[in-house]
Amino acid sequence: KSWQKSPSTEAIVVNEVNFVRKCISTESGQDDLWGKLICTNFKVSFIPQDAPPKQMSQLSHLLLGEHDIPLTCLEQVVTVNDTRGKKKVLGSNQKLKFNPTELILYCKDLRIIRFCFDEAGPESAKKVCLAIAHYSHPADLHLLFGFEYQGRRYHESKEGRANGSTTRRGLQTPIFDRPSDWDREIKRTGASEWRVCSVNENYAISQSLPEYCIVPVSLADQDLKRHSVYFTDNRIPLWCWNHPNGSALVRMASIYDPAQQKKIEQKVFTAITKSHPHRSDVFRYELDKNLPNIQEIQSAFVKVRQICVIDPFEESEERWLSSIENSRWLEHVRAVLKQSAEIVYCLDGKNASVILQEEEDRDLNCVVSSLVQLMLDPHYRSLIGFQSLVQKEWVMAGHRFLDRCSHLKKNYKEESPLFMLFLDCVWQMMNQYPAAFEFTEAYLIVLSDSMWIPLFSTFLFNSPKQRAQHLMDFAKNKAIPHGEDQIVYFPPVWDWSQQFSNKNQTLFNNPMYVGKGATCVQNGEVKTFRRTKKTYSSTLRGTPASLRNGLKGGEDTQPRRGSLVSELRPDFSPVKDESPSERFFRDWFSQPVDQQGLLIPLLMPSHVVLWRLFFLRWVPEACIPKGGIATAYHKLSQLVDEIEILQNQLRQYKGPSPDTTPLPSPSGPPLEQRRMYFKASSPNDPPTPPDFLNSSFPFTPVGNLCRRTIYGTPISKFLNGARIWLSTETLANDTV
């Protein structure tokens, strides 16, 4: 409880200004909000004088109010003076020579927030603008609010202490900061020829690797130490995952000494070959050569954001979609998914081990290694499994979150949305196979938003070593005795109770998920789904065409021109001169998918689409009232909740006895224990009006800058087959 309330209450107010207008619509001020604008050392807050009624169904944050923006989420702070026609992008420690009449905040989560100071004192307005700019671009990590908050927390509270260190507080997601976490992963994947290695304990070899990692049994610690000096940043090869057939996925940095390269590579390849039960060949993929670089990825993201968020929605749908395609963002998504599918073929189809090589092993290797494991291993498609994947392949493997997220003012040149690219790829697979993932797209978006909250260690540092060093230095500065420095504990983001109530966390649960323990009804009996150990690919027959490969109904009529198969016929008949890889993919796409087995994405341009909820959730013009996928989610959640209640009643059903008549349990599980956000109502309850949902659910675009009206685009225009993003001015009187 103290965690849920204290970050906001303990933040220091730096500056504030009254009589500020938050602009909702540029065309008229009737929807604008009046209130107070406050800058603290944690966030920018706007407190309306007359708060509008909150929507019934909307994600509510425990740390941030509806109008709050964490300082680390601010990308650009722009001040405007209408009378003098001036505009200035403010940085830290800058001067402002004019009194601002407007403040526009461009946020890293794609929001655009605009405030007007027409009734506010000019000096107060100027001071609050300068304060926001200064505190949003700190020069040093220790100036981020999380450090200040954790330091105070140590001195003011004794909670969380256990023998001089912190506990994990029952966290289920493994952090991979101790050998036991890696041991469990070895056992889970059956990697019997691999071992946990502590050669980097206390970061003795590499500053960017975790203290513990997994290496082949045949490689001795002394050899690893000797060879490490030839790898970039001393990054010895890292084991990622083992296939049940014995193939291993390994990631590796470049060897910069040409004289030693062949010799060391031979030793690494030989050790990996020895770890395979059939001594299979090892294939290497040099991702630097095969995929776009970090600057190209950043450029594409900037363009797609400009098209979706900043440019007005007035063009025809065809022009808008071609602009999205020309940004090259979807092209990069396709390229990464295609490369990952090729590696899946090597591991699963050829039974061969794979080495992913990248110069530093900290960017594209994170993306591709994670996607390959997601395609091959259903464990990583569960919520806990997915979080452990991110922790293992991104956080502990040393992805430069500090630089790539540009948390500090000096890191603009290093900025690149690689983690966002990964989440988009995950969403593409979820969109194609909606029953294979335990979590929802709302979860993925909340995870991306958490990058901009500086209270969690997960996305704040460039490496585990940097995290440990900064916490140690900070403990010294705060006069925390040695031995108790671990108490300055940055929790990982995976403890979602820090941000959301139990009810809001149910928004993470996918009602369509066919999980390992999911129940189903066959011939009137409740049975539990079990994955067969025989093979990763499904051998089931007789699945309706509309459900084949887990695709949503109707899509099965399209030719299955799957990821890497360029000449497949729609009926999957064999092709002349078909390569083994083409045969592998043709065979897979011709069978119904096993939701708990191998997943291969469809990669034709028509299959890889814009992630609308992420890119358009703050754009009121793109919001469809009473429509979008949210309405289907609402109904599915209620159905699943009703099924779970009925199953629970079946389990509690008392069998017949000589003297009694069996009676079902009158109710299902308690309301707070049910998995779905939308609950099923009992037949005895009075009917309740449906929640007002829109296509941005569970987020709300109201409060973000709108260029026209806050009413969005009525769903009738889409149902009537309108081809134009009509100006919402002409739709003001339209009813659904």
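Everything numeric in this text was worked out from a predicted model, so none of it was measured.

Calculation rules
Residues numbered from 1 in each chain as written. Predicted model: local features only at pLDDT ≥ 70, side-chain atom pairs only at ≥ 80, totals over all residues. Heavy atoms only, no water. Helix = DSSP H or I, 4+ residues; strand = E, 2+ residues; numbered from the N terminus. Polar contact = N/O pair within 3.5 Å; in protein donor to acceptor, adjacent residues only side chain to side chain. Contact = heavy atoms within 4.5 Å. 1 Å grid on protein atoms, 1.4 Å probe; cavity = no way out; pocket = protein on both sides within 12 Å on 5 of 7 lines; lining within 4 Å. Points joined across faces, edges and corners; volume = space filled by probe spheres on them. Domains from an automatic or database assignment. Pairing = 2+ DSSP bridges. Axes fitted to C-alpha atoms, helices over the stretch in contact; angles between N-to-C directions. Buried < 20%, exposed > 50% of the residue type's maximum accessible area, 1.4 Å probe, protein only. Expected span 1.5 Å × (residues − 1). Core = buried A, V, L, I, M, F, W, Y, C linked by side-chain atoms within 4.5 Å. pLDDT = per-residue confidence, 0-100. Parallel < 35°, antiparallel > 145°, perpendicular 65-115°, else oblique. Nonpolar A, V, L, I, M, F, W, Y, C, P; charged D, E, K, R; others polar. Phe/Tyr/Trp six-rings, centres within 6.5 Å; stacked < 30°, edge-to-face > 60°. Lys NZ or Arg CZ within 6 Å of the ring centre and 35° of its normal.

Participant: Help me understand the side chain of Ser 275, please; the structure alone is not making it clear to me.
Facilitator: By the secondary structure assignment, Ser 275 is in the loop between helix 6 (258–274) and strand 13 (282–286). Of the polar contacts made by the side chain of Ser 275, one reaches the side chain of Trp 194; its length is 3.3 Å. Leave out the neighbours within four places in its chain, and Ser 275 touches Glu 193, Trp 194 and Gly 246.

Participant: Looking at this model, I keep getting lost on empty space enclosed by the protein. Mind explaining?
Facilitator: A probe as big as a water molecule, rolled over the atoms, marks out the empty space that is left. Within the structure shown, the criterion is met by 8 cavities of 30 Å³ or more. Around the largest cavity, the lining is made up of 22 residues, and of these Phe 301, Glu 415, Pro 417, Met 451 and Trp 452 lie nearest the centre. Contributions of two or more residues to the lining of the largest cavity are made by helix 8 (294–310), helix 13 (401–404), helix 14 (418–432) and helix 15 (441–449). In terms of residue count, helix 8 provides more of the lining of the largest cavity than any other element does, 4 residues in total. The residues that make up the lining of the largest cavity include at least three from each of domain 1 (7–137) and domain 2 (179–420).

Participant: What exactly am I supposed to notice about the sheet that holds strand 12 (residues 248–253) here?
Facilitator: Two modes of strand pairing occur in sheets, parallel and antiparallel, and in both the strands are linked by backbone hydrogen bonds. One open sheet holds the 4 strands; their spatial order is 11-12-14-13, and the pairing between them is mixed. Strands at the two margins of the open sheet, each flanked by one partner only, are strand 11 (238–242) and strand 13. Between one strand and the next, the sheet's axes are offset by a mean angle of 20°, whatever the strand orientation.

Participant: I keep staring at unusual backbone geometry and nothing clicks. Help me out?
Facilitator: Residues other than glycine predominantly adopt negative phi, and peptide bonds predominantly adopt the trans conformation. In this model, Phe 697 is joined to Pro 698 through a cis peptide bond whose omega is 5°. With respect to the helices and strands, Pro 698 occurs in the loop between helix 20 (629–652) and helix 21 (715–719). If you check the backbone angles, Asn 202 has positive phi at about 60° while not being a glycine. Its identity as a non-glycine residue notwithstanding, Asp 233 has a phi of 55°, on the positive side. By secondary structure assignment, the location of Asp 233 is in the loop between helix 5 (221–228) and strand 11. The class of Asp 233 is partly exposed, set by a relative accessible area of 36%.

Participant: Please clarify how helix 20 should be interpreted in this entry.
Facilitator: With 24 residues, helix 20 extends 35 Å between its outermost C-alpha atoms, agreeing within 8% with the 34 Å of an ideal straight helix rising 1.5 Å per residue. Burial in helix 20 covers these residues: Ala 630, Tyr 633, His 634, Ser 637, Val 640, Asp 641, Glu 644, Ile 645, Gln 647, Asn 648 and Gln 649.

Participant: Please clarify how the nonpolar core should be interpreted in this entry.
Facilitator: Buried together is how nonpolar side chains tend to be arranged in soluble globular proteins. Counting 169 residues, the largest nonpolar core has Leu 37, Phe 386 and Phe 615 as the members making the most contacts within it. When residues are assigned to domains, this core turns out to be shared by domain 1 (7–137) and domain 2 (179–420), each giving three or more. Grouped together as the second largest cluster of nonpolar side chains are 12 residues, Cys 197, Val 199, Ile 205 and Ile 236 included.

Participant: It is not clear to me how the confidence of the model for the chain should be interpreted in this structure. Could you clarify?
Facilitator: For any part of a model where pLDDT is low, the fine detail of the predicted coordinates should not be relied upon. The predicted model of the chain averages 81 in pLDDT, with 76% of residues at 70 or higher. Overall, residues 519–563 carries pLDDT values under 50, and its contacts beyond four positions in sequence, including any with other chains, amount to 92 contacts. Within the model, pLDDT remains below 50 along residues 721–736, and this stretch shows 33 contacts once partners closer than five positions in the same chain are excluded.

Participant: In this structure, what is going on with the packing of helix 14 against helix 15? I would like to understand it.
Facilitator: The angle between the axes and the distance between the axes are what describe a pair of packed helices. The N-to-C vectors of helix 14 and helix 15 enclose an angle of 180°; their axes lie 10 Å apart at closest approach. By the angle class used here, helix 14 and helix 15 are roughly antiparallel. Contact with helix 14, carried on its side by Phe 419, Met 420, Leu 423, Val 426, Trp 427 and Met 430, involves Glu 441, Leu 444, Leu 447 and Ser 448 of helix 15 and no other residues of that element. In the contact of helix 14 with helix 15, the residues fall into 8 nonpolar, 1 polar and 1 charged.

Participant: Could you clarify how one ought to interpret the pairing of strand 6 (residues 86–90) in this entry?
Facilitator: The two faces of the sheet receive side chains in turn, since in a regular strand these alternate between them. When strand 5 (residues 74–81) meets strand 6, the two strands line up antiparallel, connected through 5 bridges. Within the sheet, the bridge partner assigned to Val 80 lies in strand 6 and is Lys 87. Between the end of strand 5 and the start of strand 6, which pair antiparallel, lie 4 residues, with Gly 85 showing a positive phi angle near 65°.

Participant: Honestly, the packing of aromatic side chains in this entry has me stumped. Any pointers?
Facilitator: Remark: the centre distance and the inter-plane angle together describe each pair of aromatic rings, the angle taken between the planes. Counted according to the given criterion, the structure contains 39 aromatic pairs. On the basis of an interplanar angle of 40° and a centroid distance of 5.6 Å, the ring pair of Phe 46 and Phe 115 is categorised as tilted. A residue pair is termed long-range when its members are at least 10 positions apart, and Phe 46 in strand 3 (residues 43–48) and Phe 115 in strand 8 (residues 112–116) qualify at 69 residues. The same class applies to Phe 46 as to Phe 115, namely buried. Consider the rings of Phe 437 and Phe 439, whose centres lie 5.7 Å apart with planes at 70°: the pair is edge-to-face. Each member of the pair Phe 437 and Phe 439 is classed as buried. Among the aromatic side chains, those forming a connected cluster through ring pairs are Phe 386, Trp 394, Phe 401, Phe 419, Phe 422, Phe 437, Phe 439, Tyr 443, Phe 459, Trp 496, Phe 500 and Phe 508. In this structure, Arg 188 packs its charged tip against the face of Tyr 380, placed 5.0 Å from the ring centre.

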